[in-house]
Amino acid sequence: MAKWINACATDDIDEEDVIRFDHEGRTFAIYRSPDNAFFCTDGLCTHEKVHLSDGLVMEHRIECPKHSGVFDYRTGEALRAPVCVSLKTYATKVEDGRVYIEV
């Protein structure tokens, strides 16, 4: 059964940025878009399991820091080689200045 997890404060993430969140042995990446929306994906690149929180965020995309593969963090879609497997995404909600993810 899915549950909502308190992941971080909204102020923990700058606009057009990403942070790492670990929970119960899993790693997530939480993003803040240019229009102040929050998104969450798996935290490791599907190509070589590198932490996406070290990557570059621009215009709803995350670029992996190791081989420059690119994903759309809103949908998880793999957009540029060498990544060819999309990321899993998770629902988010904001309540009282906190970001929650549904896992």
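Rules of the game
- In every chain, residue numbers begin from 1 and rise along the written sequence.
- pLDDT decides what is reported in this predicted model: residues at 70 or higher carry local features, side-chain atom pairs at 80 or more are listed and counted, and totals for whole chains, interfaces and linings draw on all residues regardless.
- The side-chain values count all of the structure's non-hydrogen atoms but skip hydrogen atoms and water molecules.
- Should a side-chain nitrogen of Lys or Arg be within 4 Å of a carboxyl oxygen of Asp or Glu, the pair is scored as a salt bridge.
- Using a 1.4 Å probe on the protein chains alone, a residue whose accessible area is under 20% of its type maximum counts as buried, one over 50% counts as exposed, and one in between counts as partly exposed.
- Numbering of helices and strands starts at the N terminus; helices are DSSP runs of H or I of at least 4 residues and strands are runs of E of at least 2.
- Contacts are assigned to residue pairs that have any heavy atoms within 4.5 Å of one another.
- Stacked, tilted and edge-to-face are the three classes assigned to paired rings of Phe, Tyr and Trp, where Trp is represented by its six-membered ring and a pair needs centres within 6.5 Å; plane angles under 30 degrees give stacked, over 60 edge-to-face, the rest tilted.
- Any two strands with at least two DSSP-identified bridges between them are counted as paired.
- By nonpolar core is meant a set of buried Ala, Val, Leu, Ile, Met, Phe, Trp, Tyr and Cys residues that side-chain atoms within 4.5 Å join together.

Peer 1: Whenever I open this one, the pattern of salt bridges confuses me. Can you help?
Peer 2: Opposite charge on two side chains makes pairing possible when the charged atoms of those side chains draw close. Under the definition given, this model contains six salt bridges. When the shortest N-O distance is used, the salt bridge between Asp72 and Arg74 registers 2.9 Å. Here Glu95 and Lys93 are joined by a salt bridge, their closest N and O atoms 3.4 Å apart. Judged by its relative accessible area of 28%, Lys93 is partly exposed.

Peer 1: Would you take a moment to explain the side chain of Thr41 for this structure?
Peer 2: As for its position among the elements, Thr41 is in strand E4 (residues 38-42). The exposure class assigned to Thr41 is buried, which follows from its relative accessible area of 0%. With near-sequence residues (within four places) excluded, Thr41 lies in contact with Phe28, Ala29, Tyr31, Leu52, Tyr73, Leu87, Lys88, Thr89 and Tyr90.

Peer 1: Just checking my understanding: could you explain the packing of aromatic side chains for this structure?
Peer 2: Centre-to-centre distance and the angle between the planes together describe a pair of aromatic rings. Counted under the stated rule, the structure contains four aromatic pairs. Seen from their ring centres, Tyr31 and Tyr73 are 4.5 Å apart, and the 5° between their planes marks the pair as stacked. Highlighted residues: Tyr31 in strand E3 (residues 26-32) and Tyr73 in the loop between strand E7 (70-72) and strand E8 (78-80), separated in sequence by 42 residues. Aromatic rings pair up to connect Phe21, Phe28 and Tyr90 into one cluster.

Peer 1: It is not clear to me how the environment of Lys93 should be interpreted in this structure. Could you clarify?
Peer 2: Among the secondary structure elements, Lys93 is positioned in strand E10 (residues 92-95). Considered as a pair, Lys93 and Trp4 are 89 residues apart in the sequence and their alpha carbons are 8.8 Å apart. Excluding residues that lie within four positions of it along the chain, Lys93 makes contacts with Trp4, Arg98, Val99 and Tyr100.

Peer 1: Sorry if this is basic, but what is going on with the sheet that holds strand E2 (residues 17-23) here?
Peer 2: Think of a sheet as strands paired side by side through backbone hydrogen bonds, with each pair either parallel or antiparallel. Strand order in the open sheet formed by four strands is E2-E3-E4-E9, with antiparallel pairing between adjacent strands. With partners counted over all chains shown, the strands left at the sheet margins are E2 and strand E9 (89-90), one partner each.

Peer 1: Mind showing me how you'd approach the nonpolar core here?
Peer 2: Considering soluble globular proteins, one finds that nonpolar side chains tend to be buried as a cluster. Ranked by internal contacts, the top residues of the largest apolar core, which has 14 residues, are Val18, Tyr31, Cys45, Leu52, Val57, Ile62 and Phe71. Excluding its chain neighbours within four sequence positions, the residues that come into contact with Val57 are Glu16, Asp17, Val18, Tyr31, Ile62 and Tyr73. Residues Ile5, Cys8, Ile30 and Ile101 belong to the second largest nonpolar core, which totals 13 residues.

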